[in-house]
Amino acid sequence: LFNGKISEKDYWNKMIIKNNWPIDAKILEEVMRKNFHEIEGTRDIVKKLKKADYKLGLLSVHTREWIDYCEEKFKYHELFDSAMYSFEVAISKPYTKAYQLLLTKMDAIPSESLFIDDNLKNVNSAKQLGINSVQFHTAEQLERDFSNLKVL
């Protein structure tokens, strides 16, 4: 699903059959979309980084359908200089190839880059490539980390 091999609808239909769920795939799609929201304060941080003239990239593990929905609702493409989604490249975090692809796409050097993710496994994977990395917990914590790193 996340590597673009099947559609969201096919995925939900397979899960319904496998688990014998008495539900329609359309309802599961709607429930998923209700769970998509921005974490308070993060958009402001991204805007500050952009204003400070940092080159910003988005590396995301998602399905095409979810990204289409989120792009329409949140307009992430306006915030980042470059975005790479797992369904586009058929590889997901924490595989190091995903980070390498985005670094190449952005013409970025690992030691001059900063990766932020809420999943420690993803943070550690980026660190293996020499990418400076921070685990995200809250917007407030991230701003403190940026202050300590002299990023903002």
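The shown structure was predicted, so the numbers you read here are calculated from the model rather than taken from an experiment.

Engineer: What exactly am I supposed to notice about the packing of helix H3 (residues 42–51) against helix H8 (residues 139–148) here?
Structural biologist: What describes two packed helices is the angle between their axes and the distance between those same axes. Running from N to C, H3 and H8 point in directions that differ by 25°, and their axes come no closer than 9 Å. It follows that H3 is roughly parallel to H8 by the angle criterion. Remark: the crossing between H3 and H8 carries left-handed chirality. Residues Thr42, Ile45, Lys48 and Leu49 of H3 pack against Ala139, Leu142, Glu143 and Phe146 of H8. Grouping the constituent residues of the contact of H3 with H8 by class yields five nonpolar, one polar and two charged.

Engineer: Any chance you could explain helix H2 (residues 25–34) here in plain terms?
Structural biologist: Helical periodicity: at 3.6 residues per turn, an α-helix aligns residues three or four positions apart in one direction. The set of residues buried in H2 consists of Ala25, Leu28, Glu29 and Arg33. One side of H2 holds all its buried residues, which, seen down the axis, span an arc of 135°. In this structure, the buried residues of H2 make contact with helix H1 (8–19) and helix H4 (64–74). By the N-cap criterion, in which a side-chain oxygen at the helix start approaches the backbone nitrogen of a residue two or three places on, H2 is capped by Asp24, the distance to Lys26 being 2.9 Å.

Engineer: Where do I start with the nonpolar core in this structure?
Structural biologist: A general tendency of soluble globular proteins is for nonpolar side chains to be buried together. Membership of the largest hydrophobic core comes to 16 residues, with the highest contact counts inside it found for Ile45, Leu49, Phe80, Leu142 and Phe146. Of all the elements in the fold, those that place two or more residues in this core are H3 and H8. Not counting residues within four places of it along the chain, the set of residues in contact with Leu49 comprises Tyr54, Leu56, Phe146, Val151 and Leu152. In terms of nonpolar packing, the next biggest core, distinct from the first, is built from 11 residues, Leu59, Ile91, Tyr99 and Leu102 among them.

Engineer: Would you take a moment to explain the layout of surface pockets for this structure?
Structural biologist: Gaps left between atoms show up when a probe the size of a water molecule is rolled over them. Estimated volume of the largest pocket: approximately 1,800 Å³. In terms of lining residues, the largest pocket is bounded by 50 residues, among which Gly57, Leu58, Leu59, Phe80 and Ile116 are the most central. Counting only elements with at least two residues in the lining of the largest pocket, the list comes to H3, strand E1 (57–60), H4, helix H6 (96–106), strand E3 (114–117) and H8. Element by element, the count of residues in the lining of the largest pocket is highest for H3, at five residues.

Engineer: Would you explain the environment of Ile109 in this entry?
Structural biologist: Within the secondary structure, Ile109 sits in the loop between H6 and E3. When its relative accessible area of 43% is taken as the criterion, Ile109 is described as partly exposed.

About the thresholds
Residues numbered from 1 in each chain as written. Predicted model: local features only at pLDDT ≥ 70, side-chain atom pairs only at ≥ 80, totals over all residues. Heavy atoms only, no water. Axes fitted to C-alpha atoms, helices over the stretch in contact; angles between N-to-C directions. Helix = DSSP H or I, 4+ residues; strand = E, 2+ residues; numbered from the N terminus. Parallel < 35°, antiparallel > 145°, perpendicular 65-115°, else oblique. Left-handed = near helix turned anticlockwise from the far one by under 90°. Contact = heavy atoms within 4.5 Å. Nonpolar A, V, L, I, M, F, W, Y, C, P; charged D, E, K, R; others polar. Buried < 20%, exposed > 50% of the residue type's maximum accessible area, 1.4 Å probe, protein only. Arc of directions from axis to C-beta. Polar contact = N/O pair within 3.5 Å; in protein donor to acceptor, adjacent residues only side chain to side chain. Core = buried A, V, L, I, M, F, W, Y, C linked by side-chain atoms within 4.5 Å. 1 Å grid on protein atoms, 1.4 Å probe; cavity = no way out; pocket = protein on both sides within 12 Å on 5 of 7 lines; lining within 4 Å. Points joined across faces, edges and corners; volume = space filled by probe spheres on them.

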